[in-house]
Amino acid sequence: MKKFDTKVQHLKYKVLREVAHQAWNDTLLESVFDIPHMIVPGKTSTMRCCVYKERAILGERVKLAMGGDRENPNVIEVIDIACDECPAAGYEVTDSCRGCLAHRCEDVCKRGAISFDHNHVAHIDKSKCVECGACAKVCPFAAIVNRKRPCQIACKVKAISINEDNAAAIDNSKCIQCGACVYQCPFGAISDKSYILNVIDMLKKSQNNEKYKVYAVVAPSISSQFVYAKLGQVITGLKELGFFTVIEAALGADMVAMSEAKELSEKEFLTSSCCPAFVQYIKSAFPSLLPHVSHNLSPMAMLAKYIKKSDEKARVVFIGPCTAKKSEAQLETVRPYVDAVLTFEELQALFDSKDVDITALKEDVLDNASYFGRIFARSGGLSDSVKQALSEQKIDFAVKPVVCDGIEACKIALLKKSKNVLDANFIEGMACVGGCIGGAGCLTHGEKNKAQVDEYGREAFEKTISDAIAVLK
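Thresholds, definitions, all that
- Throughout this document, residue positions are counted from 1 along each chain, in the order its sequence is written.
- Where totals are concerned, whole chains, interfaces and linings use all residues; where local detail is concerned, this predicted model gives features only for residues with pLDDT of at least 70, and gives and counts side-chain atom pairs only at 80 or more.
- As a rule here, side-chain values cover all heavy atoms of the structure and leave hydrogens and water aside.
- A run of H or I in DSSP becomes a helix once it reaches four residues, and a run of E becomes a strand once it reaches two; helices and strands are each numbered from the N terminus.
- What a helix should span is 1.5 Å times the count of its residues minus one.
- What counts as an axis is a line fitted to C-alpha atoms, over the stretch in contact for a helix, and the angles between N-to-C directions run from 0 to 180 degrees.
- Here the word oblique covers every angle except those under 35 degrees (roughly parallel), over 145 (roughly antiparallel) and from 65 to 115 (roughly perpendicular).
- It is the rotation of the near helix from the far one that decides the hand of a crossing: anticlockwise by less than a right angle makes it left-handed, clockwise makes it right-handed.
- By definition in these notes, contact holds between two residues if any of their heavy atoms fall within 4.5 Å.
- Ten residues, namely Ala, Val, Leu, Ile, Met, Phe, Trp, Tyr, Cys and Pro, are considered nonpolar, four, namely Asp, Glu, Lys and Arg, are considered charged, and the remaining ones, Gly among them, are considered polar.
- The disulfide definition used here is simple: a pair of cysteine sulfur atoms within 2.5 Å.
- Throughout this description, a polar contact denotes any pair of N or O atoms lying within 3.5 Å of each other; where both atoms belong to protein, one of them has to be capable of donating a hydrogen while the other can accept it, and for residues adjacent in sequence the pair is counted only when both atoms sit in side chains.
- Think of it in three bands: residues with accessible area under 20% of the maximum for their type are buried, residues over 50% are exposed, and the middle band is partly exposed, with areas taken using a 1.4 Å probe on protein chains only.
- Should DSSP find at least two bridges between two strands, the strands are regarded as paired.
- The criterion for an aromatic pair is that two Phe, Tyr or Trp rings (for Trp, the six-membered ring) have centres within 6.5 Å, with stacked assigned to planes under 30 degrees apart, edge-to-face to planes over 60 apart and tilted to the rest.
- Here, a charge over a ring is recorded when the distance from Lys NZ or Arg CZ to the ring centre is within 6 Å and its angle to the ring normal is within 35 degrees.

**Quick word on helix α1 (residues 7-24)**
Then, number 1: With 18 residues, α1 ought to run about 26 Å at 1.5 Å a step, and its terminal C-alpha atoms sit 25 Å apart, in line with that.
Then, number 2: Of the residues trailing α1, Asp26 is marked for its positive phi of about 60°.

As C-alpha cells, then:
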C-alpha cells in the first residue's frame, strides 16, 4: 500500500531512511558524501537537468536530515539550488492580451508600471509593480495573471518572498513554522530540519546504559496514519526500535482540557495554547492579545513534564504530524521536558532504517486517554473537550467557542477580537486545515482522517476525562 501522498515526500523519506540506517551502524560520517550517489545512481533518470545537480540537491537534503543549519533558528529551510524551477512570481501579461485600445490596465495602475509595445500589447515593469492586482481586475480578457508560487500560496502569513536569485526566502519574524510550504512545494525545495539523529543517539545510549529510558509520546493523529498496518503494530514497532514505553499525548490533552476549562471560567475569555504555530502567529501578528493566550502548556509538554517528574531517568520523544512542534520543543518553557520531536514521516524512515516491518508484528495496546483527549487531533475537538471538562468539574460557565480551522480562520477571529467585535469567549486556534490531522509531517492527508480520529476516540477505554487523569493522582 502507498505510504505517502506525494513523490516529494517519498524522496525526503529515502534520504532520512539512509541517514538513519548509517547512524544505527555507526557509519554515517564515513558514508555521508556517498548517500546522494546511493539514492541517485549514475545511470538513473533524474527530474533535474543532470544527475550531478540532483546529487547536489540531495546533499543539501542530507544536511537537513542531519539537523540543518545550526545558525538558523527556524526549523523550516529553503534548499536554494532546488528552488529554481518555478516561474518568476508576480503579475504577468499572458498571450491573451489582445492589444486593445482601452488600456484600462494602464489607467488603473498608480505606479506607472504598465507600458505598451508597437502592437499595443501590455508589459509590466517589475521594478515599479507593487503586486496590487488592480490591472488584473480590470482587464476585459483576463490576460493578466498572478503567478504566485505554490509556497507563497500555501503561506497564509505572507512569510515567503522571492529573492534576487529567484529562490524562495523565509522571513523568520513572520514564519509560524507550520510547514504548509513544505508540503505544497512540488520540488521539495523547502523542508523541515530533522532531529532523527538525536533520537537514534538516545535510543542507542538507553540500550547500552540504564541511566535513562526513552519514552515515546505519540499524537492522537497517529490513528489516521500508517494505514497499511494496525495501530497496535505501530506501538509494538516503537518498542522494537528501543523505546521503553509508548504513551498517548491525548492523556496530556485530557490534562490540558481540565486545566484550560478552569482557567477559561476564571478569565472569561481565552485563546488556546495547544497549537504552537497558532501561538506564534499571535506573537508576531497580534501581540496585544498575548495576555489572553492560555497559560497551559500544550498536551505534548504537559505530559512530558509529568513523565519527567515521575521518572528521573526519562527522556521524552514526541512523535506527531507537526513541524512547529520542533520549534516548540526549543522554547525555554518546554526544553526541560521534551528532548526531541519526530514527525510521522521520520518515524516511517526510522522503522525502515532498521528493517522493522510493522505489518509482521503483534499488536500492543495504547489506552491512556479518554475520547475527549483523543479528538484534540481534529478541528473542534479541543472546544468539545473544554465543554466536557467544565461539566465534569461542575463549573457553571457557558463556553461560546469559535473554532478556527486553519490559519486564515484564526486571523479573522483574532482580528475581530482585537476590534472587540468577536461574539465568542474562547478561540480554538489550529494553524493547519482540519487540525493536527492536516499537519505537514503526516504521511497522508485527507477528509477520511477526521473520521478515523473520531473512531479512535470512541475506542478509548476511559469514557470521561476525569477517569483518564485519575491514574495521574
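**Quick look at the packing of helix α12 (residues 276-285) against helix α18 (residues 407-418)**
Then, number 1: The geometry of α12 relative to α18 is characterised by a closest axis approach of 11 Å and an angle of 45° between their N-to-C directions. Accordingly, the angle class assigned to the pair α12 and α18 is oblique. For the element pair α12 and α18, the recorded crossing hand is right-handed. Two secondary-structure elements touch here, α12 through Phe278, Tyr281 and Ile282 and α18 through Ile407, Cys410, Lys411 and Leu414.
Then, number 2: Of the residues contributing to the contact of α12 with α18, the split by class is six nonpolar, no polar and one charged.

**Looking at the state of the cysteines**
Then, number 1: For the structure on display, the rule yields zero disulfides.
Then, number 2: Cys135 carries a free sulfur, and the closest cysteine sulfur to it, the one in Cys132, is 6.2 Å from it.
Then, number 3: Between Cys155, a free cysteine, and Cys181, which holds the nearest cysteine sulfur, the sulfur-to-sulfur gap is 6.5 Å.

**Brief notes about the environment of His445**
Then, number 1: Within the secondary structure, His445 sits in the loop between β15 (426-430) and α19 (448-458).
Then, number 2: For His445 and Glu92, which are 353 residues apart along the polypeptide, the C-alpha to C-alpha distance reads 33 Å.
Then, number 3: Only 3.5 Å separates the side chain of His445 from the side chain of Tyr183, close enough to count as a polar contact.

**A few points about unusual backbone geometry**
Then, number 1: Even without being a glycine, Glu268 presents a positive backbone phi close to 70°.
Then, number 2: As for its position among the elements, Glu268 is in the loop between α11 (249-267) and β11 (270-271).
Then, number 3: Judged by relative accessible area, which is 53%, Glu268 ranks as exposed.
Then, number 4: Phi angles above zero are rare outside glycine, and Lys394 is one such case at about 55°.
Then, number 5: Take Lys394: it is sitting in the loop between α17 (381-392) and β14 (401-405).

**Observations regarding the pairing of strand β12 (residues 314-320)**
A regular strand carries its side chains on alternate faces of the sheet.
Then, number 1: With six of seven residues buried, β12 is to be regarded as a mostly interior element.
Then, number 2: Of the strand pairs in this sheet, strand β9 (residues 213-218) and β12 are connected by six bridges, and their pairing is parallel. Following the sheet pairing, Val217 is matched in β12 by Phe318.
Then, number 3: With four bridges joining them, β12 and strand β13 (residues 340-343) adopt parallel strand pairing. From the neighbouring strand, Val317 faces β13, where its bridge partner is Ala340.

**Regarding the packing of aromatic side chains**
Then, number 1: Tallying each qualifying case throughout the model produces six aromatic pairs.
Then, number 2: A centroid spacing of 6.1 Å and a plane angle of 85° characterise the contact between Phe226 and Phe344, whose relative ring orientation is edge-to-face. Of this pair, Phe226 sits in the loop between β9 and α10 (231-241) while Phe344 sits in helix α15 (residues 344-353), and the two are 118 residues apart along the sequence. Comparing Phe226 with Phe344, the two get one shared label, buried.
Then, number 3: Residues Phe226 and Phe351 carry aromatic rings whose centres are separated by 6.1 Å and whose planes lie at 75° to one another, so their mutual orientation is edge-to-face. In this pair, Phe226 is assigned in the loop between β9 and α10 and Phe351 in helix α15, connecting sequence segments 125 residues apart. With respect to burial, Phe226 and Phe351 carry one shared label: buried.
Then, number 4: Site record: aromatic cluster; members linked through ring pairs are Phe226, Phe344 and Phe351.
Then, number 5: Positioned above the aromatic ring of Tyr456 is the side chain of Arg374, whose terminal nitrogen or guanidinium carbon lies 3.8 Å from the ring centre.
Then, number 6: One residue, Lys417, lies across the ring of Phe269, its end atom 3.9 Å from the ring centre.

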